[in-house]
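So you can see what is in the structure, the chains are spelled out below.
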Amino acid sequence: MSRHQAGARPAPKDSRQPAKARKSSPIRRPANARSAQGPGADGQPTRVHGGLHASHIQHIDRLLGKVMLFARPADAVVSYYFRENSKLGHRERGIIAEAVYAVLRRRVEFGQFAESGTGSASRRLALLGLAATLGRDMLTPFLYPDEAEWLDRLTTIERSSLSPRVRANLPEWLFDNLVARHGEAFTSALGDAWLRPAPLDLRVNLIKTTREAALAELEAAGLRAEPTPMAPAGIRMQGKPALNQLPMFVNGLVEVQDEGSQLLCSLVGPKRGEMVVDFCAGAGGKTLALGVAMRSTGRLYAFDVSEKRLANLKPRLARSGLSNVHPVLIDSERDAKVKRLGGKIDRVLVDAPCSGLGTLRRNPDLKWRQNPESVLELTAKQSAILEAAARLVKGGGRVVYATCSVLEAENEAIVRDFLSKHPNFRLVPATEVLAEQKIEVPALQTEGGMFALYPHQHQTDGFFAAVLERTQ
Ligand SMILES: C[S@@+](CC[C@H](N)C(=O)[O-])C[C@H]1O[C@@H](n2cnc3c(N)ncnc32)[C@H](O)[C@@H]1O
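Residues numbered from 1 in each chain as written. Predicted model: local features only at pLDDT ≥ 70, side-chain atom pairs only at ≥ 80, totals over all residues.

Looking at an unreviewed UniProt entry, one finds the protein chain named Ribosomal RNA small subunit methyltransferase B, with Cupriavidus pinatubonensis as its source organism. In UniProt, the protein chain has this text filed under Sequence similarities (unreviewed entry): "Belongs to the class I-like SAM-binding methyltransferase superfamily. RsmB/NOP family." (UniProt positions renumbered as here; feature names shortened; annotations may be inferred.)

Structure representation (structure tokens):
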């Protein structure tokens, strides 16, 4: 067993002057980082430094071992780990989780770096995760001399010297797929954007307040925020403050929702008094926005096959003050409860179950949990749900097919296939629908009027949507 695995304490800090980090290195050495303090006054190695504790490295090492089995979603594994280690405080959880997520985001790059060095590979990954989130200097008191040397060597690596796929930190199949469709420059920029955490966006509940009033209330609470550039009810927070105790959150004046997700709801554009179905409502992220757009009038059915997800919609619904939402648990898209509404609906949103590859800023583990076979399985389900959803709309009614995927197979290919089989549907250009609401989306990638958002171009998650209108 190596000394690292045996849990031996790191030796006192290396006295060498570490190499200066290059600006483009993935290992952060922030200019304003407090310099490492080295041995304490008693000459013993420092065990706590700037909020970091030697035990945090062990937690990250252990948690990475569990998360990187990729058997379950990373957020579920992390939550379970924190429940099991309930003594960890809020800040400690933040340090640990962020380092784990940094490793998931940069797994290809860090995997390559971790091949060199000594000791256990998982400890090396933990150190790389911490160096990326807190900065290399923060680690100094916790490192063995050989580790310090190894990390310093890495800080001199120019990212531009890495191969494009390693830099993008994507599995081969996904990198190749994106390059084939969008080219290498686009894929590299997208890969880079996926390495950064997503901002925290809110949607203002316009039934209860205005965006200006909500911004003023956030400012009064000492929180920094600004309007989102595209979605009219969106607010982008600076940082990731905890909001759940905030009166304006508790009272349903704001909900957490990515700006891109808000724009998809604008594409549905339901009106007052209409009959609307949110076919894959889940916990209602989009249902709530649709309900508000309908000004709490008409009927909005929230379908889903997951009882648990629909149960999570209930408290959000209660906070929102909406009275037009009707959650309906269905057993599949062929459920009799669905069929009963055939031909009666004005607008249907199909936020289809998908690979989630548009959300890699939040769920970087999906890069490693999805594969071509899982995507193929999803496409069959997506087509079947779109078929069933299309049967619901009346003449002149619309189905919005949407995903949070960036793969053509889950997006444009599904829509093209649908249109080829349904000549009584036409594609309504997304820009037209948005222009009616005075919403402008720059650099919109469109194929015949379809809609796609990308994090490197729109600072939203990756989303796709197509507005399909029944002509007869
Ligand atoms: C992308 S998620 C929806 C997210 C949700 N619309 C939101 O904005 O928070 C896809 C949802 O589809 C549901 N689903 C899967 N198969 C379904 C089916 N056959 N019919 C309806 N919903 C289904 C899943 O349970 C999941 O909640």
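Quick notes on the overall build of the protein chain
Looking only at helices and strands, the protein chain has 20 helices and 14 strands in total. Evaluated residue by residue, the protein chain yields a buried proportion of 46% over its 472 residues. Considering only contacts within the protein chain whose residues lie at least 6 apart along the sequence, 75% involve residues at least 24 apart. (Helix = DSSP H or I, 4+ residues; strand = E, 2+ residues; numbered from the N terminus. Buried ≥ 20, exposed ≤ 12 C-beta atoms within 10 Å, placed from the backbone. Contact = placed C-beta atoms within 7 Å.)

Comments concerning the environment of alanine 102
Tracing the backbone through its elements, the reader meets alanine 102 in helix α3 (residues 90-105). Taking the C-alpha atoms as reference, alanine 102 lies 17 Å from proline 455; in sequence the two are 353 residues apart. For alanine 102, the contacting residues outside a window of four places in its chain are Gly129, Ala132 and Thr133.

Considerations on the site of the ligand
Cys280, Gly282, Gly285, Ser306 and Asp351 are the nearest of the 18 residues found near the ligand. Secondary-structure elements contributing two or more residues to the shell around the ligand are α13 (285-293) and β8 (299-304). (Near = placed C-beta within 6 Å.)

Some words on the packing of α3 against helix α5 (residues 121-133)
Contact pair α3 / α5: the axes reach a minimum separation of 8 Å and the direction vectors enclose 105 degrees. On the basis of their axis angle, the class for α3 and α5 is roughly perpendicular. Here Glu98, Ala99, Val100, Ala102 and Val103 of α3 lie close against α5, whose contacting residues are Leu125, Ala126, Leu128, Gly129, Leu130, Ala132 and Thr133. Residues of the contact of α3 with α5, tallied by class, amount to nine nonpolar, two polar and one charged. (Axes fitted to C-alpha atoms, helices over the stretch in contact; angles between N-to-C directions. Parallel < 35°, antiparallel > 145°, perpendicular 65-115°, else oblique. Nonpolar A, V, L, I, M, F, W, Y, C, P; charged D, E, K, R; others polar.)

Some remarks on α13
The buried fraction of α13 is high, at nine of nine residues. Regarding α13, the residues found buried are Gly285, Lys286, Thr287, Leu288, Ala289, Leu290, Gly291, Val292 and Ala293. The first or second residue beyond α13 is arginine 295, which carries a positive phi of 50 degrees.

So, the UniProt feature "active site" (unreviewed entry) in the protein chain
Here the UniProt-annotated "active site" (unreviewed entry) positions come out as Cys404. Tracing the backbone shows cysteine 404 in the loop between β11 (393-403) and α18 (412-421). For cysteine 404, a count of 27 C-beta atoms within 10 Å puts it in the buried group. For cysteine 404, the residues in contact, after removing those within four places along its chain, are Cys354, Gly356, Gly358, Thr359, Asp461, Gly462 and Phe463.

Looking at the nonpolar core
Counting residues in each nonpolar core, the largest one holds 89 residues, and the members touching the most others are Val350, Tyr401 and Ala465. Grouped together as the second largest cluster of nonpolar side chains are 37 residues, Leu64, Leu104, Leu125 and Leu139 included. (Core = buried A, V, L, I, M, F, W, Y, C linked by C-beta atoms within 7 Å.)

A look at the domain arrangement of the protein chain
Here the domain parsing of the protein chain yields domain 1 (1-162) and domain 2 (259-470). Contact residues are listed per partner, giving eight residues for domain 1 and five residues for domain 2. Examining the composition of the side of domain 1 that touches domain 2, we find that three residues originate from one element, α3, more than from any other. For the side of domain 1 that touches domain 2, a count of residues per class yields six nonpolar, no polar and two charged. (Domains from an automatic or database assignment.)

Topic: the packing of helix α1 (residues 54-67) against α3
At a closest axis distance of 9 Å, the pairing of α1 and α3 adopts a crossing angle of 45 degrees. Overall, the two elements α1 and α3 adopt an arrangement that is oblique. Considering the relative orientation of α1 and α3, their crossing is right-handed. Where α1 approaches α3, its residues His56, His59, Ile60, Leu63, Leu64 and Val67 are matched on the opposing element by Glu92, Ile95, Ile96, Ala99, Val100, Val103 and Leu104. (Left-handed = near helix turned anticlockwise from the far one by under 90°.)

Points about unusual backbone geometry
At phenylalanine 70, a position not held by glycine, the phi torsion is positive, near 55 degrees. Mapped onto the elements, phenylalanine 70 comes out in the loop between α1 and α2 (74-84). The backbone of arginine 295 shows a phi angle near 50 degrees, a positive value even though the residue is not glycine. Here arginine 295 is to be found in the loop between α13 and β8. Take arginine 295: there are 15 C-beta atoms within 10 Å of it, and that puts it in the partly exposed class.

What to know about the pairing of strand β7 (residues 275-278)
Alternating positions in β7 separate into two faces, Met275 and Val277 on one and Val276 and Asp278 on the other, with burial throughout. As defined by bridge partners, β7 adjoins β8 across four bridges and the pair is classed as parallel. Looking across to β8, one finds that aspartate 278 is bridged to alanine 302. The parallel pair β7 and β8 is bridged by α13, and the resulting crossover is right-handed. Summarising the sheet, β7 and strand β10 (residues 345-351) pair through three bridges and their orientation is parallel. Residue valine 276 lies in a different strand from β10, and its bridge partner there is arginine 347. (Pairing = 2+ DSSP bridges. Right-handed = clockwise from strand over helix to strand, strands pointing away.)

Things to note about the environment of glutamate 149
Inspection of the secondary structure assignment puts glutamate 149 in helix α6 (residues 145-155). Remark: the alpha-carbon pair of glutamate 149 and glycine 117, spanning 32 residues in sequence, is separated by 8.9 Å.

Some points on the sheet that holds strand β4 (residues 225-227)
Spatially, the four strands line up as an open sheet ordered β4-β5-β3-β6, and their pairing is antiparallel. On the outer flanks of this sheet lie β4 and β6 (254-256), each paired with one strand and no other. With direction set aside, neighbouring strand axes in the sheet form an average angle of 30 degrees. As paired strands, β4 and strand β5 (residues 234-237) are joined by three bridges and run antiparallel to one another. Across the sheet, the residue bridging to proline 227 is isoleucine 235, located in β5.

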